[in-house]
Amino acid sequence: MSVLKVVVNGARGKMGQTVVDFVEHHSKLQLAGQVDLGDDLGAVIQQGSADVVVDFTRPEIRMDTVKTILFSGAAAVVGTTGFTPEDLETIRGWVKETGNGCFIAPNFIVGNVLMQQFAKQAARYYEYAEIIEYHHENKVDFPSGTAVKTAELMAEEREKFNVGTNDQVANVEGSRGGDFAGIKLHAVRMPGFVASQEVILGDKGQYMTIRHDSIERTSYMPGVLMACEHITANAELVYGLEHIL
Ligand SMILES: NC(=O)c1ccc[n+]([C@@H]2O[C@H](COP(=O)([O-])OP(=O)(O)OC[C@H]3O[C@@H](n4cnc5c(N)ncnc54)[C@H](O)[C@@H]3O)[C@@H](O)[C@H]2O)c1
């Protein structure tokens, strides 16, 4: 069994610490270095002969980070957010030039990505749909990126949702939630939740609930491992975990 040498970038961060702990305890992985603000990522990659770098750092430095990783001789698994379609085109060129693969995923939780795919599939058959997402009280934005992405995928399958609702009298403004292509979005914020989401789809005489709960950061690790294994074997650009599920 070949062991992958992994450098963790952003190793002192919340996700980075989880990745370090995961790599240290996994028989298929070996920790080849830890990097955080002020360290020389390229040098650590070369000293550790890293196969892959797992990066959870800051959106502002995303492109510098990917460039350094690929041109230092390693593949990249990137959880840092903020990549644009133009960024991806540039990275595609770097992958071709260096022969090192790059796997970027806005969400590394397998169950979360499956929930989105299931909701997309179900949207074809249900005329009514609402999404409720639940997060801890410190999350600043609402609704979550996952809720919006889920609604986008569902809207690819059906032009209009909830056309039969009779929303005429608002006793409290906003109570029906936000609206994306007719899908109602609701955001709950309170301590106790980490990241949960429920997609409720309804039609006459039935409703269906698709729910996913993430209760700690370890839930990202199976997806990170799958991405490391895939991208060290395939020198390509992959955007989104759904492409390897
Ligand atoms: N894709 C996913 O599934 C997923 C999941 C969780 C978080 N994220 C994203 O990952 C990123 C990190 O999240 P977090 O919660 O761990 O944040 P965090 O703030 O806890 O950690 C970020 C770490 O990056 C370090 N850092 C900053 N600049 C650096 C640099 N130039 N070089 C090396 N390290 C540097 C910081 O010192 C810190 O230790 C964010 O963009 C977040 O949105 C993605």
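Scroll up to find the structure this text is about.
Bear in mind that the values here come from a model prediction, so they are computed numbers and not experimental data.

The full count for this structure, using the stated rule, is four aromatic pairs. Centre to centre, the rings of F56 and F108 are 6.0 Å apart; their planes meet at 65 degrees, and the pair counts as edge-to-face. Taken together, the positions of F56 in the loop between β3 (52-55) and α3 (62-71) and F108 in the loop between β5 (102-104) and α5 (110-123) put the pair 52 residues apart, joining distant regions of the chain. Across the pair, exposure class does not vary: F56 and F108 are buried alike. Geometrically, the ring pair formed by F71 and W94 is edge-to-face, given 6.5 Å between the ring centres and 80 degrees between the ring planes. Taken together, the residues span a long stretch of sequence, with F71 in helix α3 and W94 in helix α4 (residues 85-98) at a distance of 23 residues. Given the relative accessible area of 40%, F71 is considered partly exposed. You can call W94 buried: its relative accessible area is 13%. Grouping aromatic residues by their ring pairs yields a cluster made of F56, F103 and F108.

About the criteria used
- Residues numbered from 1 in each chain as written.
- Predicted model: local features only at pLDDT ≥ 70, side-chain atom pairs only at ≥ 80, totals over all residues.
- Heavy atoms only, no water.
- Phe/Tyr/Trp six-rings, centres within 6.5 Å; stacked < 30°, edge-to-face > 60°.
- Helix = DSSP H or I, 4+ residues; strand = E, 2+ residues; numbered from the N terminus.
- Buried < 20%, exposed > 50% of the residue type's maximum accessible area, 1.4 Å probe, protein only.

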